[in-house]
Amino acid sequence: MGDFKLQINRDELLRYLGYKGQDIDENIINLIEECRKEIKKVINPRVIYEYKNIIHLDEAIEVVNTRLILYGKDIKDHLKDSKECVLMAVTLGNDVERKTRLYEKINLTKALILDACATTAVEEVCDYVESIVREKAISNNMDITFRYSPGYGDLPLDVQSSFLRALDAQKKIGLTVSENNLLFPRKSVTAIIGIISSGSKKKKRSCKKCTSYENCSFRREGEICGD
C-alpha cells in the first residue's frame with residue numbers, strides 16, 4: 001500500500017449511514033469519530049491487480065490467458081475502446097468483520113457505524129488502486145475508464161469465481177467467493193478498468209445503469225454514483 005493512508009471520508013461515511021441533511025446527535029458524532037479511528041486499527045487492506053489483454057467476441061469480452069469471459073452488452077460497451085484492461089481485487093480482511101459482529105451483540109449503533117466505515121475504507125483503497133492505474137496510463141499517453149464491478153449493469157455476479165481464479169486471489173490476498181457469488185471477506189471488491197486512448201470519450205459512472213438502482217439506499221442524487 002506504500003505511503004497510502006486511509007482518510008475514511010466523513011461525507012461518504014454519512015452517505016452510507018443514510019444521512020440526508022438531518023441533525024445529528026452529539027453522541028453519534030463522537031461515536032462516528034471513534035469508529036473512524038478504530039477502523040484503521042482493525043483492517044488489513046490487501047490488493048492485487050493485473051494488466052490483461054482482451055478480445056472482443058460477438059456477445060462477450062474474453063480475457064486472454066484466463067478462463068474469464070465477461071458477458072453483457074454493458075461491459076462490451078464499457079470496454080469497446082480497449083484492447084487491454086486491469087483486473088483488480090481489494091479486501092480489508094476478516095478482523096473488521098469479527099469486530100463488527102462483536103459490536104452487534106453489545107452496541108448495535110456502533111456496529112452500523114463501523115460497517116459504514118469499512119465500506120468507505122474499501123472504496124478508498126479501490127480509489128487508490130485506480131489512481132495508480134490512471135497515472136501509469138497517462139505516462140503512456142493513454143487513459144482509463146471508471147472501474148466496473150460484477151453485478152453492475154448486466155455483468156452477472158456469477159463471473160466472480162472465474163474473476164478470482166484469473167488473479168489467483170485466494171492464494172495471494174485470501175479472497176474467496178461463495179456458492180451465492182458473495183465475496184469473503186465481506187468487505188471486498190472486484191473490478192475491471194479499461195485502458196483506452198487519451199482521445200477516447202470517457203463515460204461517467206451512473207447509478208441508473210446499476211441493476212440495484214431501485215433498491216439501493218446509498219445511491220447519490222443525480223447521475224454520478226460510487227461503487
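Structural data are supplied above this passage.
Conventions we followed
- Residues numbered from 1 in each chain as written.
- Predicted model: local features only at pLDDT ≥ 70, side-chain atom pairs only at ≥ 80, totals over all residues.
- Heavy atoms only, no water.
- Buried < 20%, exposed > 50% of the residue type's maximum accessible area, 1.4 Å probe, protein only.
- Helix = DSSP H or I, 4+ residues; strand = E, 2+ residues; numbered from the N terminus.
- Pairing = 2+ DSSP bridges.
- Contact = heavy atoms within 4.5 Å.
- Phe/Tyr/Trp six-rings, centres within 6.5 Å; stacked < 30°, edge-to-face > 60°.
- Axes fitted to C-alpha atoms, helices over the stretch in contact; angles between N-to-C directions.

**Here we look at the pairing of strand β8 (residues 188-197)**
Next, step 1: The buried count for β8 comes to 9 of 10 residues, which makes it a mostly enclosed element.
Next, step 2: In this structure, strand β4 (residues 84-91) lies alongside β8, joined through 8 bridges in antiparallel fashion. For Val-90, the partnering residue across the bridge sits in β8 and is Val-189.
Next, step 3: Note: strand β5 (residues 142-144) against β8, 3 bridges, orientation antiparallel. Looking at the pairing, Ile-144 lines up with Ile-195 of β8.

**A look at the environment of Lys-83**
Next, step 1: By the secondary structure assignment, Lys-83 is in the loop between α3 (73-78) and β4.
Next, step 2: A residue is classified by how much of its surface remains accessible, and Lys-83, at 71% relative accessible area, is exposed.
Next, step 3: Between the alpha carbons of Lys-83 and Ile-195 there is a distance of 7.2 Å; along the sequence they are 112 residues apart.
Next, step 4: Contacts of Lys-83, omitting those with residues within four sequence positions, involve Lys-52, Asn-53, Ile-54 and Ile-195.

**Here's the deal with the packing of aromatic side chains**
Next, step 1: Here the structure, examined in full by the defined rule, presents 3 aromatic pairs.
Next, step 2: A centroid spacing of 6.4 Å and a plane angle of 20 degrees characterise the contact between Phe-146 and Tyr-148, whose relative ring orientation is stacked.
Next, step 3: We classify Tyr-148 as buried; its relative accessible area is 3%.
Next, step 4: Ring geometry for Phe-146 versus Tyr-152: centroids 6.2 Å apart, planes at 85 degrees, classification edge-to-face. The exposure classification of Phe-146 matches that of Tyr-152, with both residues buried.

**What to know about the sheet that holds strand β2 (residues 60-63)**
Next, step 1: Pairing in this open sheet of 6 strands is antiparallel, and the strands run β3-β2-β1-β4-β8-β5 from one edge to the other. The two strands at the open ends of the sheet, each matched to only one other strand, are β3 (69-71) and β5. Averaged over all pairs of adjacent strands, the angle between strand axes in this sheet comes to 30 degrees, irrespective of strand direction.

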